[in-house]
Amino acid sequence: MKDLINRFFGRGQKASKEDAKQRLKFLLIHDQVDLTPGQLDQMKEEILEVISRYVEVEADESTRFVLEKDEGQVALVSSIPVRRVVQRAKAS
Amino acid sequence: MSECIVVTSGKGGVGKTTTTANLGVALALLGKRVVVVDADIGLRNLDVILGLENRIVYDLVHVIEGECRIKQALIRDKRAEGLFLLPAAQTRDKNAVTPDQMRELVAKLKETHDIILVDCPAGIEQGFKNAVAGADRAVIVTTPEVSAIRDADRIIGMVEAAELPEPQLIINRFRPAMVEAGDMMNKEDILEILAIPLLGVVPDHEDIIVSANRGVPVVFDEASIVGEAFRRVARRVTGETDVPELDFEQNNGIWGTLMRWMGLGPAREVAR
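Bear in mind that the values here come from a model prediction, so they are computed numbers and not experimental data.

Considering the overall build of chain B
In terms of helices and strands, chain B carries twelve helices and ten strands. Compactness check: chain B gives a C-alpha radius of gyration of 18 Å against a globular reference of 19 Å for 272 residues, within 12% of the reference. C-alpha atoms of chain B, sized along the principal axes, occupy 55 × 40 × 35 Å. By the burial criterion, 49% of the 272 residues in chain B qualify as buried. Sequence separation of at least 24 residues holds for 74% of the intrachain contacts in chain B that already meet a minimum separation of 6.

Overview of the interface of chain B and chain A
Contacts between chain B and chain A engage 14 residues on the former and 16 residues on the latter. Counting residues per element, the side of chain B that touches chain A draws most heavily on helix H10 (residues 206–214) of chain B, which supplies three residues. Taken together, the residues of the side of chain B that touches chain A sort by class into six nonpolar, five polar and three charged.

Some words on unusual backbone geometry
The phi torsion at A:Asp34 lies on the positive side, around 55 degrees, for a residue other than glycine. Relative to the helices and strands, A:Asp34 is located in the loop between helix H2 (16–33) and helix H3 (37–51). Non-glycine residue B:Glu163 carries a positive phi angle of around 65 degrees. For B:Glu163, a count of 7 C-beta atoms within 10 Å corresponds to the exposed category.

Re the nonpolar core
Residues and elements named next belong to chain B. Leu117, Val118 and Phe230 are the most contacted members of the largest nonpolar core, which has 82 residues in total. Ranked by residues supplied to this core, first place goes to helix H11 (residues 225–237) with seven residues. The residues touching valine 118, leaving out its near neighbours within four places in the chain, are Cys4, Val6, Val7, Val37, Ala39, Ala131 and Ala135.

What about the confidence of the model for chain B?
Per-residue pLDDT for chain B averages 92, and the proportion of residues at 70 or more is 91%. Residue range residues 265–272 of chain B is modelled with pLDDT below 50. Its contacts to residues more than four positions away, or to other chains, number 17 contacts.

Things to note about the pairing of strand E2 (residues 64–70) of chain A
Residues and elements named next belong to chain A. Where E2 and strand E3 (residues 73–79) come together, seven bridges link them in antiparallel fashion. Opposite lysine 69, over in E3, you have valine 74 as the bridge partner. Adjacent in sequence and paired antiparallel, E2 and E3 are bridged by two residues, among which glutamate 71 carries a positive phi angle near 50 degrees.

Let's talk about the environment of B:Leu74
Residues and elements named next belong to chain B. Summarising the element assignment, leucine 74 is placed in the loop between helix H4 (70–73) and strand E3 (75–76). Placed eleven residues apart in sequence, leucine 74 and valine 63 show a C-alpha to C-alpha distance of 9.8 Å. Look past the residues within four positions of leucine 74 in its chain and what remains in contact with it is Val35, Phe84 and Leu86.

Notes on the environment of B:Ile115
Residues and elements named next belong to chain B. Tracing the backbone through its elements, the reader meets isoleucine 115 in strand E5 (residues 115–119). Spatially, the C-alpha atoms of isoleucine 115 and glycine 24 are 8.7 Å apart, while their sequence positions differ by 91 residues. Sequence-distant contacts of isoleucine 115, defined by excluding residues within four places in its chain, comprise Glu3, Ile5, Leu27, Lys32 and Val34.

Comments concerning the packing of helix H7 (residues 146–161) of chain B against helix H9 (residues 187–194) of chain B
Residue and element names in this part refer to chain B. One way to put it is that H7 packs onto H9 with a least axis distance of 10 Å and a crossing angle of 35 degrees. Classified by chirality, the crossing of H9 by H7 is right-handed. Here Ile149, Ala152, Asp153 and Ile156 of H7 lie close against H9, whose contacting residues are Ile190, Ile193 and Leu194. Here the contact of H7 with H9 is composed, by residue class, of six nonpolar, no polar and one charged.

Topic: the packing of helix H1 (residues 16–29) of chain B against H11(B)
All names here are of chain B. Between H1 and H11, the least distance of the axes is 9 Å, while the angle of their chain directions is 70 degrees. Between H1 and H11, the crossing angle belongs to the class labelled roughly perpendicular. Handedness of the H1/H11 crossing: right-handed. Where H1 approaches H11, its residues Asn22, Leu23, Ala26 and Leu27 are matched on the opposing element by Phe230, Arg231, Val233, Ala234 and Val237.

Details of H11(B)
All names here are of chain B. Compared with the 18 Å implied by 1.5 Å per residue over 13 residues, the 18 Å span of H11 between its first and last C-alpha is a close match. Of all 13 residues in H11, eleven are buried; the element is thus mostly enclosed. Every buried residue of H11 is listed here: Ile225, Val226, Gly227, Glu228, Ala229, Phe230, Arg231, Arg232, Val233, Ala234 and Val237. On the buried face of H11, the contacting elements are H1, strand E7 (168–174), strand E8 (198–203), H10 and strand E9 (245–246). Count one or two residues on from H11 and you reach glycine 239, which has phi positive near 105 degrees.

Things to note about the sheet that holds strand E1 (residues 3–8) of chain B
Two orientations exist for strands paired in a sheet by backbone hydrogen bonds: parallel and antiparallel. Residue and element names in this part refer to chain B. The strand order across the open sheet built from eight strands is E3-E4-E2-E5-E1-E6-E7-E8, with neighbouring strands paired in mixed fashion. Every other strand in the sheet has two partners, leaving E3 and E8 as the edge strands with one partner each. Two strands pair when backbone bridges link them, and E3 and strand E4 (residues 83–86) are joined in this way by two bridges, in the antiparallel orientation. In the sheet register, isoleucine 75 faces E4, and the bridge partner there is leucine 85. Packed onto the sheet, H7 meets E1 and strand E6 (137–142) and runs at close to 170 degrees relative to E6. Each of E7 and E8 is contacted by H11, which is oriented at about 170 degrees to E8, the strand it contacts most.

How each quantity is defined
Residues numbered from 1 in each chain as written. Chains lettered and ligands numbered in written order. Predicted model: local features only at pLDDT ≥ 70, side-chain atom pairs only at ≥ 80, totals over all residues. Helix = DSSP H or I, 4+ residues; strand = E, 2+ residues; numbered from the N terminus. Rg over C-alpha atoms; globule rule 2.2 N^0.38 Å. Buried ≥ 20, exposed ≤ 12 C-beta atoms within 10 Å, placed from the backbone. Contact = placed C-beta atoms within 7 Å. Nonpolar A, V, L, I, M, F, W, Y, C, P; charged D, E, K, R; others polar. Core = buried A, V, L, I, M, F, W, Y, C linked by C-beta atoms within 7 Å. pLDDT = per-residue confidence, 0-100. Pairing = 2+ DSSP bridges. Axes fitted to C-alpha atoms, helices over the stretch in contact; angles between N-to-C directions. Left-handed = near helix turned anticlockwise from the far one by under 90°. Parallel < 35°, antiparallel > 145°, perpendicular 65-115°, else oblique. Expected span 1.5 Å × (residues − 1).

Set out below in structure tokens:
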């Protein structure tokens, strides 16, 4: 009920505990591998640079580059949409 | 003239980091060029309270070890013009930095900023020594509890031993209803024991928890009474002497809560 009233007056938006949980999970994964989100971003830029020497990639919102935790193991998961292969000359 | 202020308490968990974050934002909103420095190496948290954790690439230890320039490590807070964060390292320990290195770092930050706010780690060892090394003065955060006040007293002594001027006090987590009922020490009780000047009293409030959940310091919330408390403390930090005390009473009870929901009922000011 209180939640509803909060929403009505535009103060609550979604419950802030969801924000807290998401941010915390994210932080713990990054702490575990000792790589800040900022460094991950930098790595993404560098990797995209290398990949784009071989294939034409689309670096937009559909590019995924995240650390995920699965059964205690942290994995770097990335999904980079490829438009087409760049000509060989450019690759060498 | 630029100055460096260390926010310290001795005891952990009294709200040093929250205080540093909110004062930093409030001072920037007053037009100051501010750097908040997280000196809690190994247990970085100021970034999370400010909601800037996603933007860290370099930290204080990188700067000190010469792996990057200061400018590369400073994170600009886009919500408050003039505010920057220098994050702590998360995987090193307090011995990665010496007081001399901190002094040098603070001196450099002063060249480009008006106020350097240092968030001191809990305890009285190396981390404390590093945090006070470059400071021109200290702000002590305490809560109305026996343990916190005892540690504050110890820290006041250490601040004086470090040859800093008399520190100023912030009383945090204040609960007016409990004071009214005689179950919590009031402002006068605490000042009688610690005998240092008061910068302000900050009420214990749910807003603090919500703002920490979201990574949005409560001073950004115009309607929050805690935000208002921090805004007034910030004005006093800049040397303003006629900032009225905040009256907490009006915001208690159903009516106050209802008014706040509607974004009405700003805190009433009473003369000191």
